[in-house]
Amino acid sequence: ATPITKPHAAMFCSPGMGHLVPFFELAKRFVTQLDFQVTIFVLSITDASTIRSHQFLHSASNLFNIVSLPPVDISGLVDTPFIGTKIAMMMHQSLPALRSAISEMTSTSTSSDLPPVTALIVDIFGIEALAIAEEFRIPKYVFDISSAWYLATMLYAPTLDVKVLDEHANKKLPIKIPGCTTLHFEDTHDVFEDPNSPARSRFLCRGKEASTADGFLVNTWEDLEPKTLKALRDTKLLGSIIRGPVYPVGPMAIPVGPTPPPQPVSRRSHVLDWLDLQPTESVIYVSFGSGGTLSAKQTIELAYGLELSQQRFVWLVRAPVENDASGSYLTVGNDDRAGNIISDYLPDGFLSRTYNVGLVVPTWAPQTEILGHPSIGGFLSHCGWNSSIESIVNGVPMVAWPFYADHKLTAAMLTEEFGVAIRLKVSSSSNGVVGREEVKMMVRRIMVDEEGHSIRSRVKELKHSARKALSEGGTSYCSLSQVAKDCQIRLQAYSDL
Ligand code: UDP
């Protein structure tokens, strides 16, 4: 008898931890909950954060198959400040390699060890790969590693008259997106800030192409974004733009399935040891994601602000980079610039004055473990979606300090929609630098003031709703089961064509 092969999901993931973390978690759920085989295609890039991410991926390589696509070089192709554009170009360059790998897996005549691909799941920057699935008649899905609001914006923007987008940029007029809080210019995605930027056209193209997917998996959950999810399903609203259903399957911030064995005591991060010694909910964690960097002046102001707040802190600090808030994202060797010279870019005497209350960690920290530690009481964050939901699922209130890409959009959601954060103000007279007094005030508001306490209670409610959504029978759990069924039905329909 022919052996029964499992369904096989191929995932095409962008580089950078912000994408790999949720894809990794999604892959685990396909294996443990749906009993799929999974192959994750990743790009071979030799920057520091991606090397770290590859180590991270390989730590679970017994659960799924990881294929590194050959290295790509985009240096001669694109000169853009937009990190999203750079990533999309890299993904574009990798398409031929992805195509031949899928072709090989799909062909019955090759000796591939893997069963044929039954679904292709692509990242928001790998939308062009949907055409490969189309060619091989494989069901095709987009996994939006960000919010439903981000997905709504990406899908809706290409349907708008270009005049509306121009007026948004030129006259700062707001845009109404069904099911979402009004998009004010101050909160807009950075690709919409300049009407002439090629990044905007590329974003719109991606949105248009994305709408052809057979379905959308979203790193959110029903109770977090009910209005937006409803609008995405409503055929009189956003549902009319898309072909397939929307599946909220998140948050991908609570690991499921087999847990890694406990770290030997000698390998446990010293940050966690330090946190063990601090009182409950007394420490603010300060970090700007896998790529965020500050200017030299901003680094100094943040340091003084933390010191003046008189609160305990863990600060993930990186060497300053001028005029590029994403300076550490996909940047070769950035790790090496930090390390031993921290005191060179911090105020004189800062490390010794804050020795008893603060811990400065260079370059990288075990963020999810830190946020899950009982001593953490607040998070000063750049509002990357992963960081935001990692904070929520650990019941940690935030100070939102958005930087680039969709961070301002997320900051608006965290403060206005979810009520889990307060937002730091960048004064227009300060050249974009947030002063020490503002930092001090915001840290104290979240850590000490009554306001911080009520925000903390709100985050804790959402924390429970996230755990409920993921538990057996919960909304995200059931949504993922639906994806498996959808995939089988579509596969059958494609093969009947
Ligand atoms: N991260 C981490 N340690 C760090 C910095 C980041 O573990 O020092 C992880 C973080 O937990 C999150 C991801 O990297 O899962 C960053 O994703 P996010 O969407 O927050 O921001 P991005 O890096 O994409 O801007």
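Coordinates for the structure precede this section.
Because the structure is a prediction, the values reported are computed rather than measured. (Residues numbered from 1 in each chain as written. Predicted model: local features only at pLDDT ≥ 70, side-chain atom pairs only at ≥ 80, totals over all residues.)

> Is there a simple way to explain the site of the ligand in this structure?
Surrounding the ligand, one finds 18 residues, the nearest of these being G18, G289, S290, G384 and S387. Mapped by element, the contributors of at least two residues to the shell around the ligand are α1 (17-32), α15 (367-371) and α16 (385-393). Broken down by class, the residue content of the shell around the ligand amounts to 6 nonpolar, 11 polar and 1 charged. (Near = placed C-beta within 6 Å. Helix = DSSP H or I, 4+ residues; strand = E, 2+ residues; numbered from the N terminus. Nonpolar A, V, L, I, M, F, W, Y, C, P; charged D, E, K, R; others polar.)

> Can you walk me through the packing of helix α11 (residues 296-309) against helix α18 (residues 436-447) in this structure?
Axes are the key here: two packed helices are described by the angle between their axes and the distance separating the axes. Between α11 and α18, the least distance of the axes is 7 Å, while the angle of their chain directions is 45 degrees. By the angle class used here, α11 and α18 are oblique. Viewed along their axes, α11 and α18 form a crossing whose handedness is right-handed. Contacts from E301, L302, Y304, G305, L306, L308 and S309 of α11 reach α18 at R436, V439, K440, V443 and R444. Considered class by class, the residues forming the contact of α11 with α18 number 6 nonpolar, 2 polar and 4 charged. (Axes fitted to C-alpha atoms, helices over the stretch in contact; angles between N-to-C directions. Parallel < 35°, antiparallel > 145°, perpendicular 65-115°, else oblique. Left-handed = near helix turned anticlockwise from the far one by under 90°. Contact = placed C-beta atoms within 7 Å.)

> What's the story with the environment of Y304 in this structure? I'm lost.
Here Y304 is to be found in helix α11. Residue Y304 is classed as partly exposed on the basis of its C-beta count, with 18 C-beta atoms lying within 10 Å. When the C-alpha positions of Y304 and L346 are compared, they lie 9.0 Å apart, and in sequence the two are 42 residues distant. When residues no more than four places from it in sequence are discounted, the contact partners of Y304 are P347 and R436. (Buried ≥ 20, exposed ≤ 12 C-beta atoms within 10 Å, placed from the backbone.)

> Can you walk me through α11 in this structure?
Three- or four-residue spacings in an α-helix give side chains the same orientation, since the helix completes a turn every 3.6 residues. Over its 14 residues, α11 extends 20 Å from the first C-alpha to the last, a length consistent with the 20 Å expected when each residue adds 1.5 Å. Among the residues of α11, those classed as buried are Q298, T299, E301, L302, A303, G305, L306, E307 and S309. Contacts from the buried residues of α11 go to β8 (283-287), β9 (312-317), α13 (342-345), α14 (350-353), β10 (358-362) and α18. (Expected span 1.5 Å × (residues − 1).)

Note that all results are geometric; they support no functional claim without further evidence.
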